[in-house]
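Listed below are the residues making up each chain.
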Amino acid sequence: MKIQTILRGIRQADNRFGLIRPGDKIAVAVSGGKDSMLLLTALRQYQKFPHTDFELVGIHVDVGFEEFDHDLMTGYCRDHDLPLQIEKTRIFPILELDKNRGTQGQIQCSLCSKLKKGVLFETAKKLGCNKVAFGHHADDAIETFFLNMIHGSKAATFQPLQYMSRMDMDLIRPLVLLRESEIVQACQDNGIPSVRRVCPNDGFTQRQSIKDDLEEVYRRYPMARDNFLTVLSNCDEKGFWHDADSENVRTGTVHRKDQPGKEETPDSHTGSIQ
Ligand SMILES: Nc1ncnc2c1ncn2[C@@H]1O[C@H](COP(=O)(O)OP(=O)(O)OP(=O)(O)O)[C@@H](O)[C@H]1O
């Protein structure tokens, strides 16, 4: 797959969600995995598009896993003129301490993610960036949607553009309209490497489990992936339940038979098919 397909996906997301503005300085969060390696590579090329006058720097937060192959990542970036800053941290010893103290005896992904984000945003700020770009793609968005429903009782996923008020910085996800399979293919076809995962939790997370389940759903219902994606931009508040005294009923957002002048339409209950 040509890198142009990826650039087209980035441009669509940029146009639709207003991700990149002239004068931006964007820090790409580079884990060393395929998604963020592709993102840094593609955004470097996207800089050459007309009306995209922005600066770029990659930031890798080094958690401290000994076996992580930094050379692969730095070598690739050096050879392709991709600016990358590696931020050394002591996150791993903190995770180990927490693991030995905690009841579960394993590294906590949520703590790791929180610490990494802290370092990432601080480094981006120090470098004068106003945006941080993550490598999340469309399949990540669907998985997050299901994870939130199953474990968090809410129908929500991450945003393509999100303002982080504490850091006064935008978080953007330029790959959000692209599928994981497109990213894998583009990395293969363009010689973009990804560093072997070394976290002991890899393959045993809730995300991995939902990923496996969704693959099964897609095998049975091939149209489901596209439909799930459409749901994310199409979530009609009227399709959910609202208490009779809720703001939505008062303001008339939810149509009710007993409200004069507000007729119930056949499509007003999108989720009511039994
Ligand atoms: N150590 C890190 N340093 C910088 N950014 C990171 C790091 N770990 C994760 N990220 C950012 O968070 C995003 C999602 O994290 P996740 O753990 O799902 O990445 P991954 O699947 O290991 O790698 P990738 O998403 O790059 O293929 C990454 O795409 C990347 O932008």
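Since this is a predicted model, take the numbers as computed values, not measurements. (Residues numbered from 1 in each chain as written. Predicted model: local features only at pLDDT ≥ 70, side-chain atom pairs only at ≥ 80, totals over all residues. Heavy atoms only, no water.)

Participant: Describe in detail the overall build of the protein, supporting the description with residues and values.
Facilitator: Scanning the protein from N- to C-terminus turns up 10 helices and 6 strands. Expressed as a percentage of the 274 residues in the protein, the buried residues total 39%. Pairs at least 24 apart in sequence give 73% of the contacts found in the protein among residues at least 6 apart. Of the accessible surface of the protein, which amounts to about 16,200 Å², a share of 49% is contributed by carbon and sulfur atoms. (Helix = DSSP H or I, 4+ residues; strand = E, 2+ residues; numbered from the N terminus. Buried < 20%, exposed > 50% of the residue type's maximum accessible area, 1.4 Å probe, protein only. Contact = heavy atoms within 4.5 Å. Areas by Shrake-Rupley, 256 points an atom, 1.4 Å probe, with all protein chains shown as cover.)

Participant: Quick rundown of unusual backbone geometry? Include the residues and the values.
Facilitator: Of note, the phi angle at H51 is positive, near 65°, even though the residue is not glycine. Position of H51 among the secondary structure elements: in the loop between α2 (34-46) and β2 (55-62). Non-glycine residue D81 carries a positive phi angle of around 55°. With respect to the helices and strands, the residue D81 is situated in the loop between α3 (70-79) and β3 (84-88). Overall, the relative accessible area of 53% leaves D81 in the exposed class.

Participant: How would you explain the pattern of salt bridges if you had to name every residue and give the values?
Facilitator: It is possible for side chains of opposite charge to pair when their charged atoms get near one another. All told, the structure shown has 12 salt bridges when counted by the stated rule. Linking D81 and R44 is a salt bridge whose minimum nitrogen-to-oxygen distance equals 3.2 Å. You can see D81 sitting in the loop between α3 and β3 and its partner R44 sitting in helix α2, a full 37 residues away along the chain. The salt bridge partner of E143 is R207, with a shortest N-O separation of 3.2 Å. Taken together, the positions of E143 in helix α6 (residues 138-152) and R207 in helix α8 (residues 206-220) put the pair 64 residues apart, joining distant regions of the chain. By relative accessible area, which is 3% here, E143 ends up buried. Residue class for R207 comes out partly exposed when judged on its relative accessible area of 31%. Through salt bridges with shared partners, a single ionic network connects K34, D35, E143, E180, R207 and K211. (Salt bridge = Lys/Arg side-chain N within 4 Å of Asp/Glu carboxyl O.)

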